[in-house]
Amino acid sequence: MIIWIASYPKSGNTWVRSFVIAYYFCENGIFDVNKLNLIQDYPNKQFFKETVKKNEIHKHWDSSQKNICNEKKVKFLKTHNSLITAFGNDFTKPEYSLGVIHVIRDPRNIITSLKNHYDFETYERALKFMQDENKILEDYPHLKNYAKTNIINSWRINYQSWMSNKNFRRLTIRYEDMIKDPHQTFKKLVVFINTLMRFKDKIDPKKFSNAIETTNFKSLQDIENQGKFSENVYSLKDNKKIKFFYQGPENDWKKNLDENMIKKMNEYYKKDLKFFRYEN
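Residues numbered from 1 in each chain as written. Predicted model: local features only at pLDDT ≥ 70, side-chain atom pairs only at ≥ 80, totals over all residues. Heavy atoms only, no water.

A. A look at unusual backbone geometry. In this structure, the amide linkage connecting Tyr42 to the following residue, Pro43, adopts the cis form with an omega of 0 degrees. Among the structural elements, Pro43 can be located in the loop between β2 (40-41) and α2 (61-70). In this structure, Asn28 is a non-glycine residue whose phi angle is positive, near 60 degrees. Structurally, the position occupied by Asn28 is in the loop between α1 (13-25) and β2. The backbone phi angle of Arg277 is positive, close to 60 degrees, even though this residue is not glycine. Structurally, Arg277 is set in the segment after α12 (270-275). For Arg277, a relative accessible area of 64% gives the class exposed. (Helix = DSSP H or I, 4+ residues; strand = E, 2+ residues; numbered from the N terminus. Buried < 20%, exposed > 50% of the residue type's maximum accessible area, 1.4 Å probe, protein only.)

Here you go:
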């Protein structure tokens, strides 16, 4: 059975994944970046027995997840895919999914991280990316790794797809709460996972404290600066490595965005911002 760590890109998925690895897979809760790949990206080619052709990823969701479940082990998987049905194929089903850890972030801060991550020249281009209701992420085109195709849709469609579904047990956490009150936020996460796994253990305070400390943004940034983080992307302009852990808690839309972009996003996302209790 699968426990999904689901989010729109640049919303804090890697941070949550790192904490889960530290607490559940590392001795004393001290994060070992070499174990990060124990929670793999889905979809990706290692999950498929056959070659995935362009625009046909939806044909492989069911069989690959059935194979995962046949292993009779609980498996954490990271995804940016929306919880959708494509051409009659559901992204996942209740019989395959134990639960969902859903990570959300203020779209006005996502936009700066997206601009950096995808090397966009302008915020306008990043906003267009976020508002594209049919957005699909593929691995770099020249690699032709269509097994890594994520149908992410727009930011709004993506989060609504996971939050509107009633078939899965779900915990939604805000990136901002991981910064503001990590102990309370990650405590909810551990309780949720333990409930899904039917663990009766109480939270181990030492492991818990170490997991928070060794996976905070500064710690992850230090790991990247030491060259130990392997999930960076490279600029298509000059093939230089793009910084993955970019601004983190310092990413402040009030400082990064000009008045016009702030007004534009506040108007477009007015209902969403109110729903998630993000200030204007």
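That shown, we press on.
B. Local environment of the nonpolar core. Ranked by internal contacts, the top residues of the largest apolar core, which has 32 residues, are Val16, Phe19, Ile101 and Leu189. Residue assignment for this core shows that the elements contributing at least two residues are β1 (2-7), α1, β6 (97-104), β9 (170-174), α6 (175-180), α7 (182-197), α8 (205-214) and α9 (217-225). Per-element tally for this core: the top contributor is α1, with seven residues. The contacts of Val16, once residues within four sequence positions are left out, are Ile5, Ile101, Val103, Ile173, Met178 and Leu189. (Core = buried A, V, L, I, M, F, W, Y, C linked by side-chain atoms within 4.5 Å. Contact = heavy atoms within 4.5 Å.)

C. Layout of empty space enclosed by the protein. Counted under the stated rule, the structure contains one cavity of 30 Å³ or more. In this structure, the largest cavity is lined by Tyr8, Ser11, His102, Val103, Ile104, Arg105, Trp155, Asn158 and Tyr159. Those elements that provide at least two residues to the lining of the largest cavity are β6 and α5 (155-163). Grouping the amino acids of the lining of the largest cavity by side-chain chemistry returns five nonpolar, three polar and one charged. (1 Å grid on protein atoms, 1.4 Å probe; cavity = no way out; pocket = protein on both sides within 12 Å on 5 of 7 lines; lining within 4 Å. Points joined across faces, edges and corners; volume = space filled by probe spheres on them. Nonpolar A, V, L, I, M, F, W, Y, C, P; charged D, E, K, R; others polar.)

D. Focus on the pattern of salt bridges. The final tally for this structure, using the stated rule, is ten salt bridges. When the shortest N-O distance is used, the salt bridge between Asp62 and Lys93 registers 2.9 Å. Residue Asp62 is found in helix α2, and its partner Lys93 is found in the loop between β5 (89-90) and β6; the two are separated by 31 residues along the sequence. On the basis of relative accessible area, Asp62 is assigned to the partly exposed category, the value being 24%. Using a relative accessible area of 25% as the deciding quantity, one classes Lys93 as partly exposed. The network of salt bridges with shared partners includes Asp62, Lys66 and Lys93. (Salt bridge = Lys/Arg side-chain N within 4 Å of Asp/Glu carboxyl O.)

E. Inspection of the sheet that holds strand β3 (residues 75-79) at higher detail. Sheet architecture is open: five strands sit in the order β2-β3-β1-β6-β9, paired in parallel fashion. Edge positions in the sheet fall to β2 and β9, since each of these pairs with one other strand and no more. The pairing of β6 with β9 spans five bridges and is classified as parallel. Considered in β9, the bridge of Ile104 is made with Arg174. (Pairing = 2+ DSSP bridges.)

F. Representation of the environment of Thr185. Turning to its location among the elements, Thr185 is positioned in helix α7. Put simply, Thr185 and Arg174 are eleven residues apart on the chain and 8.6 Å apart in space, counted from C-alpha to C-alpha. The contacts of Thr185, once residues within four sequence positions are left out, are Ile173, Asp177 and Met178. For Thr185, the side chain forms a polar contact with the main-chain oxygen of Asp177, separated by 2.9 Å. (Polar contact = N/O pair within 3.5 Å; in protein donor to acceptor, adjacent residues only side chain to side chain.)

G. Local environment of the packing of helix α3 (residues 107-117) against helix α4 (residues 123-131). Running from N to C, α3 and α4 cross one another at 115 degrees; their axes reach a closest spacing of 9 Å. Comparing the axis directions of α3 and α4 gives the class roughly perpendicular. Note on packing geometry: the crossing formed by α3 with α4 is right-handed. Of the residues in α4, those touching α3 at Pro107, Ile110, Ile111, Thr112, Leu114 and Lys115 are Tyr123, Ala126, Leu127, Phe129 and Met130. (Axes fitted to C-alpha atoms, helices over the stretch in contact; angles between N-to-C directions. Parallel < 35°, antiparallel > 145°, perpendicular 65-115°, else oblique. Left-handed = near helix turned anticlockwise from the far one by under 90°.)

H. Representation of the side chain of Asn81 in the model. By the element assignment, Asn81 lies in the loop between β3 and β4 (85-86). According to the relative accessible area criterion, Asn81 is buried, its value standing at 0%. At 2.8 Å, the side chain of Asn81 and the backbone nitrogen of Ile151 are in polar contact. Sequence-distant contacts of Asn81, that is, excluding residues within four places in its chain, are made with Trp61, Phe91, Thr149, Asn150, Ile151, Asn158 and Trp162.

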